[in-house]
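Observations on chain architecture
If you want the building blocks of each chain, they are given just below.
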Amino acid sequence: MRKKIVAGNWKMNTLLKDGMELAQAVEKLTSEKSNQALVIIAPPFTHLSKVRELIDHVKLSAQNCASEASGAYTGEVSPEMLVSAGAEYVILGHSERRSYYKEENELLNKKVKLALSKRLKPIYCCGEVLEERESGRLFDVVRAQLEVGLKDLSEQEIDQVVIAYEPVWAIGTGVVASPDQAQEMHKFIRDLLGELFSKQVAEHMSILYGGSCKPSNAEELFANPDVDGGLIGGASLVAEDFMAIVNAF
Ligand code: PGA
């Protein structure tokens, strides 16, 4: 059985005190119900170790990590540091990192491999921009993101990776992919993982949908056979909304 996962990407939101309150609220709501899904939150770096002390049923993720293990890289945070702060997951390849910070598939492959070598599980994001969808290049774009970003991983390593399909035109826009559009791409991704690794690996991997996922549309998205959960931005900043998405399973 594939793991169902709902992960909250807080992005650059909340000050420490608000973040701690939000984490506490998510922990409380998660502990009160036996959820079908694994619940993950990804606060900013500065909150990680404090938030870790407040959660038990909820797992912790970072939003990025360095591509080097240690040394003279001012301003960077290594995978090992994240693990020492209590993180189990790290979001890599988010479209905001790709577009604003020019992170390319080759660099992301380096980050994915380094994170895995330090026992940090990547939530690897892929997805096309609107122009790529409209010109019919969406599958080529996603194929390259996965082929290069996940290059040279062993079967044990790929087994630790979670994929998030986030069409860029749906992120923070209120325009959500239709259930059919999501299923079509998720199926494509699973088939591609089967080709790149093995059918067994592909069947086992969780593929999350992200982009304007809300309590009102989560259920129909998650009802698709290849949609194993969600990576939630805006709606993860309100504990009740986030948990309503978790409860959509
Ligand atoms: P959104 O963001 O839910 O606010 O659209 C999703 C994401 O960027 O992970």
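The coordinates are above.
Okay, so let's go over this structure. Every residue gets a number counted from 1 within its own chain, in the order that chain's sequence is written. For a predicted model such as this one, the threshold for reporting local features is a pLDDT of at least 70, and the threshold for listing and counting side-chain atom pairs is 80 or more; totals across whole chains, interfaces and linings nevertheless cover every residue. Hydrogen atoms and water are omitted, and side-chain values are computed over all heavy atoms in the structure.

Side note on empty space enclosed by the protein
- Site definitions follow a grid-based scheme: protein atoms alone, a 1 Å grid, a 1.4 Å probe that fits but cannot get out for cavities, and for pockets an open set with protein on both sides within 12 Å along at least five of seven lines, plus lining residues having an atom within 4 Å of a point. Grid points are joined across faces, edges and corners, and a volume is the space filled by probe spheres set on the points. A full pass over the atoms with the stated rule returns 1 cavity of 30 Å³ or more.
- Approximately 30 Å³ is the volume found for the largest cavity.
- Elements represented by at least two residues in the lining of the largest cavity include exactly α4 (95-100) and β5 (121-126).
- Looking at the lining of the largest cavity residue by residue, the class counts come to 3 nonpolar, 4 polar and 2 charged. Every helix listed is a DSSP run of H or I at least four residues long, and every strand listed is a run of E at least two residues long, numbered separately from the N terminus. Amino acids outside the nonpolar list (Ala, Val, Leu, Ile, Met, Phe, Trp, Tyr, Cys, Pro) and the charged list (Asp, Glu, Lys, Arg) are all regarded as polar, and Gly is one of them.

Let's talk about the site of the ligand
- The rule for a residue being near a molecule or strand is that one of its heavy atoms must lie within 4 Å of it. Of all residues adjacent to the ligand, which total 13 residues, the nearest are Lys11, His94, Glu166, Gly172 and Ser212.
- For this analysis, a polar contact is any N or O atom pair within 3.5 Å, provided that within protein one partner can donate a hydrogen and the other can accept it, and provided that sequence-adjacent residues contribute only side-chain to side-chain pairs. Between His94 and the ligand, the recorded distance is 2.7 Å, taken from a side-chain N or O atom to an oxygen atom.
- At 2.8 Å from an oxygen atom of the ligand is found a main-chain nitrogen or oxygen belonging to Gly234.
- Only the protein chains shown count as cover for residues, and the accessible areas themselves come from Shrake-Rupley with a 1.4 Å probe. Considering the ligand on its own, with 290 Å² of exposed area, one finds that the protein chains cover 95% of that surface.
- For the shell around the ligand, the class distribution of residues is 4 nonpolar, 7 polar and 2 charged.

A few points about the sheet that holds strand β6 (residues 162-165)
- Overall, parallel pairing links the 8 strands, which are arranged β1-β2-β3-β4-β5-β6-β7-β8 in a closed barrel. Direction aside, neighbouring strands of the sheet carry axes that sit 25 degrees apart on average.
- Bridge analysis of β6 against strand β7 (residues 207-210) gives 3 bridges, and the strand direction is parallel. By the bridge assignment, Ala164 is partnered in β7 with Leu208.
- Docked against the sheet, helix α5 (residues 105-117) engages β4 (89-92) and β5, running at close to 160 degrees with respect to β5.
- Against the sheet, helix α12 (residues 239-246) engages β1 (5-9), β2 (38-42) and β8 (229-232), with an angle of about 155 degrees to β1. Pairing between two strands requires that DSSP report at least two bridges joining them. Orientation is described by lines fitted to C-alpha atoms, with helices fitted over the stretch in contact, and by angles between N-to-C directions that extend from 0 to 180 degrees. Throughout, a contact is declared for two residues whenever any of their heavy atoms are within 4.5 Å.

Describing the pattern of salt bridges
- What counts as a salt bridge is simple: a side-chain nitrogen of Lys or Arg found within 4 Å of a carboxyl oxygen of Asp or Glu. The final tally for this structure, using the stated rule, is 19 salt bridges.
- One salt bridge connects Lys121 with Glu88, and the closest N-O pair in it is separated by 3.5 Å. Taken together, the positions of Lys121 in strand β5 and Glu88 in the loop between α3 (79-84) and β4 put the pair 33 residues apart, joining distant regions of the chain.
- The residue Glu103 makes a salt bridge to Arg97 at a minimum N-O spacing of 3.0 Å.
- Exposure categories follow from relative accessible area, calculated using a 1.4 Å probe and restricted to protein chains: below 20% of the type maximum is buried, above 50% is exposed, and the middle band is partly exposed. Judged by relative accessible area, Glu103 falls into the buried class, the value being 6%.
- Members of the salt-bridge network, linked through shared partners, are Arg2, Arg190, Glu203, Asp226 and Asp228.

Details of the layout of surface pockets
- Here the largest pocket is characterised by a volume of approximately 480 Å³.
- Around the largest pocket, the lining comprises 13 residues; the ones closest to its centre are Lys11, Met12, Gln63, Arg97 and Tyr101.
- A total of 3 residues in the lining of the largest pocket trace back to one element, the largest contributor, which is α4.
- Class assignment of the residues belonging to the lining of the largest pocket gives a composition of 6 nonpolar, 4 polar and 3 charged.

So, the nonpolar core
- Formed by 64 residues in total, the largest nonpolar core has its most connected members in Ile41, Leu150, Ile163 and Ile189.
- Not counting the four nearest positions on each side in its chain, Ile41 is found in contact with Gly8, Trp10, Ala23, Val26, Val51, Ile55, Val58, Lys59, Leu60, Ser61 and Phe242. Each nonpolar core is a collection of buried residues, namely Ala, Val, Leu, Ile, Met, Phe, Trp, Tyr and Cys, held together in the definition by side-chain atoms within 4.5 Å.

As for the packing of helix α7 (residues 138-149) against helix α9 (residues 179-196)
- Between α7 and α9, the shortest axis-to-axis distance is 11 Å and the interhelical angle comes to 40 degrees. Classified by the interaxial angle, the pair formed by α7 and α9 is oblique. Judged by the twist between their axes, the crossing of α7 over α9 is right-handed. On the side of α7, the interface is formed by Leu138, Phe139, Val142, Arg143, Leu146 and Glu147, while α9 contributes Glu184, Met185, Phe188, Ile189, Leu192, Glu195 and Leu196.
- Taken together, the residues that form the contact of α7 with α9 break down as 9 nonpolar, no polar and 4 charged. In these notes the angle categories are as follows: under 35 degrees is roughly parallel, over 145 is roughly antiparallel, 65 to 115 is roughly perpendicular, and the rest is oblique. Two helices that cross are described as forming a left-handed crossing if the nearer one is turned anticlockwise from the farther one by less than a right angle, and a right-handed crossing if clockwise.

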